[in-house]
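Tertiary structure, described
Spelled out from the first residue to the last, the chains are:
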Amino acid sequence: MPTKSGFGINSQTKPITTPGGQISPRQMRMKELTGNLLNCLSNDDAVAELLQSNEDFLLEQLNDVDVVLEPGSVYTPDMSREERFRVYERVMG
């Protein structure tokens, strides 16, 4: 049974080919979210609302150890949730 990504897209969905290469549905959503965050950067309430409304999506690769990982991810499929948080802290810290 195929797994699902964080926003209801079948993990077996093929990435979209663009002039710069392939982009996955998750990458497309992250790009859109990043743009939205940049557009409301001067409004703390709007930033908080945007982050809260996308919390599950943003935390998916940390919390769901069965999620399909993006190529180039700092996480590996064999990592536990705790290991992923340690890697996150090291990379983002």
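Whatever comes next refers back to the structure up there.
For the structure given in this document, a descriptive report is provided here. In every chain, residue numbers begin from 1 and rise along the written sequence. Reporting of local features is limited, given that this is a predicted model, to residues whose pLDDT is at least 70; pairs of side-chain atoms are given and counted only at 80 or more, and all residues count toward the totals for whole chains, interfaces and linings. Only hydrogens and water are set aside; all other atoms, that is, all heavy atoms of the structure, feed into the side-chain values.

1. With respect to the overall build of the chain
Note the threshold: Numbering of helices and strands runs from the N terminus; a helix is a DSSP stretch of H or I covering at least four residues, while a strand is a stretch of E covering at least two. The contact criterion used throughout is that any non-hydrogen atoms of two residues lie within 4.5 Å. Surface accessibility in these figures is a Shrake-Rupley result with a 1.4 Å probe; residues are shielded only by whichever protein chains are displayed.
Broken down by element type, the chain carries four helices and two strands. Start at the N end of the chain and walk to the C end: the helices and strands fall as β-β-α-α-α-α. Within the chain, residue pairs in contact and separated by at least 24 positions form 26% of the contacts whose partners lie at least 6 positions apart. With an accessible surface of roughly 6900 Å², the chain has 54% of that area assigned to carbon and sulfur atoms.

2. Quick word on the layout of surface pockets
Keep this limit in mind: A pocket here means an open set of points on a 1 Å grid, computed over the protein atoms alone, that has protein on both sides within 12 Å along at least five of seven lines. A cavity is instead a set of points where a 1.4 Å probe fits but cannot get out; residues with an atom within 4 Å of a point line either one. Grid points are joined across faces, edges and corners, and a volume is the space filled by probe spheres set on the points. Each residue is assigned to one of three groups, with Ala, Val, Leu, Ile, Met, Phe, Trp, Tyr, Cys and Pro labelled nonpolar, Asp, Glu, Lys and Arg labelled charged, and all others, Gly among them, labelled polar.
Approximately 480 Å³ is the volume found for the largest pocket. What lines the largest pocket is a set of 15 residues, and nearest its centre among them are Arg26, Met30, Leu58, Gln61 and Tyr75. Listed by contribution, the elements that provide at least two residues to the lining of the largest pocket are helix 1 (25–39), helix 3 (55–63) and helix 4 (81–92). In terms of residue count, helix 3 provides more of the lining of the largest pocket than any other element does, four residues in total. The residue makeup of the lining of the largest pocket, split by class, is nine nonpolar, four polar and two charged.

3. Quick look at the packing of helix 3 against helix 4
For clarity, the threshold we go by: In this description, a line fitted to the C-alpha atoms serves as the axis of each element, helices being fitted only across the stretch in contact, and the angle between N-to-C directions of two axes falls anywhere from 0 to 180 degrees. These descriptions rest on fixed angle ranges, namely under 35 degrees for roughly parallel, over 145 for roughly antiparallel, 65 to 115 for roughly perpendicular, and the rest for oblique.
Here helix 3 crosses helix 4 at 115°, and the two axes come no closer than 8 Å. It follows that helix 3 is roughly perpendicular to helix 4 by the angle criterion. Contact residues: Gln61, Leu62 and Asn63 in helix 3; Arg81, Arg84, Phe85 and Tyr88 in helix 4. Here the residues of the contact of helix 3 with helix 4 are counted per class, giving three nonpolar, two polar and two charged.

4. Digging into the packing of aromatic side chains
Filter applied, for reference: Only Phe, Tyr and Trp rings are paired, with Trp represented by its six-membered ring, and only when their centres lie within 6.5 Å; those with planes under 30 degrees apart are stacked, over 60 edge-to-face, the remainder tilted. Two limits define a charge over a ring: the Lys NZ or Arg CZ must be within 6 Å of the ring centre, and within 35 degrees of the ring normal.
The tally for this structure, following the rule as stated, stands at zero aromatic pairs. Over the face of the ring belonging to Phe57 we find Arg26, whose NZ or CZ atom lies 4.3 Å from the ring centre. Above the face of the Phe57 ring, Arg29 is positioned so that its terminal group lies 4.2 Å from the ring centre.

5. Focus: a nonpolar patch on the surface
Spelled out, the test is: Patch membership requires over 30% relative accessible area and the absence of a salt bridge. Like charges are linked within 9 Å, and nonpolar side chains (Val, Leu, Ile, Met, Phe, Trp, Tyr) within 5 Å. Here, a salt bridge means any side-chain nitrogen of Lys or Arg that lies within 4 Å of a carboxyl oxygen of Asp or Glu. Exposure is judged per residue with a 1.4 Å probe applied to protein chains only, and the accessible area is read against the type maximum: over 50% gives exposed, under 20% gives buried, and values in between give partly exposed.
The grouping of Val74, Tyr88, Val91 and Met92 at the surface amounts to a nonpolar patch, some 380 Å² of accessible area in total. In this structure, Val91 sits in helix 4. Residue classification places Val91 among the partly exposed residues on the basis of a relative accessible area of 46%.

That's the geometry; what it means functionally is another story.
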